[in-house]
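Take a look at the letters that make up each chain.
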Amino acid sequence: MNVFPELLIRLLAKAERVAVLTGAGVSRESGLQTFREAQTGLWAQFKPEELATPEAFAKDPQLVWDWYAWRREAVKAARPNPGHIALAAMERKIPKFTLATQNVDGLHRLAGSENVLELHGSIMRVRCSECGLRAEFWEEGGGVPRCESCGGLLRPDVVWFGEPLPADELQQARLAAREAQVFISAGTSGVVYPAAGLPFSAKSVGATVVEINAEPTPFTPSADFSFQGKSGEILPALFNAVWG
Ligand code: OAD
């Protein structure tokens, strides 16, 4: 059943510039937890906001390393879901398609997306907390690994609360949002800035903004089209409605 308004289908079918922002909800159908869901098991007593900070790492690097090692194992076992795959397919239909993600799991690229801006870094890379050297491979020995170059502690190459986003990626994402004819925000609670500002920015310069999320967000009242449900179902259905 096609539940999408004809106007949206027509806009997407002729759009030349589309920008997308994704968050943890897009990886939910791949089995990964979102940030603001209650955590389970071993880590239930910690809030991500208390572990994903430079202060937490300075205070207890082992605790923070172990939390990321646990999350990395989940990411390694995860596969792209139909939502990721629909976005990769959309990229091949639209001349200028930019996908900015807050996710650090790399699943968009695995699904075949090419123009991906990782606004919050990647959990599959590390960088030295002292000299900044980045690496994709490191010695695992249980403890927090050290930098081959300077001996400093290695940390995940992700953006923590209180840290700036990678300037180049953020600038490209902002530009894409301002140029987009259609902007799609999917699977994000829209509470963490600056990423959460992108749909507002697109809207302010005239883009049609579509939101796909399991629940309403602070952006919902401003969305031109809002679909509540699973992005792993809605994104492929939208793709099929336009190009199927
Ligand atoms: P959140 O956990 O804040 O929000 C995920 C959103 O996805 C929620 O609004 C859910 O309702 C929704 N959701 C859950 N399952 C869904 C599904 N199957 N389909 C569609 N939507 C679904 O995650 P983010 O918005 O990504 O930052 O969080 C933003 C940032 O805050 C993260 O990148 C991370 C986090 O702390 C850093 O680590 C810097």
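Before any of the text, the structure's been laid out above.
Owing to the predicted nature of the structure, the values given are computational and were not obtained by experimental measurement.

## A few points about the packing of aromatic side chains
Step number 1: Scanning all chains against the criterion turns up 7 aromatic pairs.
Step number 2: Geometrically, the ring pair formed by Phe-200 and Phe-219 is edge-to-face, given 4.8 Å between the ring centres and 80 degrees between the ring planes. With Phe-200 in helix α8 (residues 198-204) and Phe-219 in the loop between β8 (208-213) and β9 (225-228), this pair connects stretches of sequence that are 19 residues apart.
Step number 3: Taking relative accessible area as the criterion, Phe-219 reaches 4% and is therefore assigned buried.
Step number 4: Here a set of aromatic residues connected by ring pairs shows up, and it is made of Phe-57, Trp-67, Tyr-68 and Trp-160.
Step number 5: Residue placement shows Arg-155 over the ring face of Trp-160; its charged tip is 3.7 Å from the ring centre.

## Quick word on the pairing of strand β7 (residues 182-186)
Regular strands place side chains that alternate from one sheet face to the opposite one.
Step number 1: With 5 of 5 residues buried, β7 is to be regarded as a mostly interior element.
Step number 2: Going residue by residue along β7, you find Val-182, Ile-184 and Ala-186 tucked away on one face and Phe-183 and Ser-185 tucked away on the opposite face as well.
Step number 3: Sheet topology note: the strand β1 (residues 17-22)/β7 ladder contains 5 bridges and is parallel. Counterpart to Val-18 in the pairing with β7 is Val-182.
Step number 4: Read as a crossover between parallel neighbours, the route from β7 over α8 to β8 is right-handed.

## A few points about the sheet that holds strand β3 (residues 116-118)
As a general point, the strands of a sheet are linked pairwise by backbone hydrogen bonds and lie either parallel or antiparallel.
Step number 1: An order of β3-β2-β1-β7-β8-β9 is seen for the 6 strands of this open sheet, with the pairing classed as parallel. Edge positions in the sheet fall to β3 and β9, since each has one partner strand and no second. Along the sheet, successive strands turn relative to each other by an average axial angle of 15 degrees, direction set aside.
Step number 2: Bridging between β8 and β9 involves 4 bridges; their strand directions are parallel. In the sheet register, Asn-213 faces β9, and the bridge partner there is Gln-228.
Step number 3: Each of β1, β2 (96-101) and β7 is contacted by helix α5 (residues 82-91), which is oriented at about 150 degrees to β2, the strand it contacts most.

## Focus: the layout of surface pockets
Step number 1: There is about 770 Å³ of room inside the largest pocket.
Step number 2: Lining the largest pocket are 39 residues, and of these Ala-24, Thr-34, Phe-35, Arg-36 and Ser-189 lie nearest its centre.
Step number 3: When contributions to the lining of the largest pocket are tallied by element, the ones reaching two or more residues are α4 (61-77) and β8.
Step number 4: Partitioned by chemical class, the residues of the lining of the largest pocket number 17 nonpolar, 14 polar and 8 charged.

## Observations regarding the side chain of Thr-208
Step number 1: Structurally, Thr-208 is set in strand β8.
Step number 2: On the accessibility criterion, Thr-208 (15% relative accessible area) is buried.
Step number 3: Beyond its immediate sequence surroundings of up to four residues, Thr-208 is in contact with Leu-11, Gln-181, Val-182, Phe-183, Asp-224 and Phe-225.

What counts and what doesn't
Residues numbered from 1 in each chain as written. Predicted model: local features only at pLDDT ≥ 70, side-chain atom pairs only at ≥ 80, totals over all residues. Heavy atoms only, no water. Phe/Tyr/Trp six-rings, centres within 6.5 Å; stacked < 30°, edge-to-face > 60°. Helix = DSSP H or I, 4+ residues; strand = E, 2+ residues; numbered from the N terminus. Buried < 20%, exposed > 50% of the residue type's maximum accessible area, 1.4 Å probe, protein only. Lys NZ or Arg CZ within 6 Å of the ring centre and 35° of its normal. Pairing = 2+ DSSP bridges. Right-handed = clockwise from strand over helix to strand, strands pointing away. Axes fitted to C-alpha atoms, helices over the stretch in contact; angles between N-to-C directions. Contact = heavy atoms within 4.5 Å. 1 Å grid on protein atoms, 1.4 Å probe; cavity = no way out; pocket = protein on both sides within 12 Å on 5 of 7 lines; lining within 4 Å. Points joined across faces, edges and corners; volume = space filled by probe spheres on them. Nonpolar A, V, L, I, M, F, W, Y, C, P; charged D, E, K, R; others polar.

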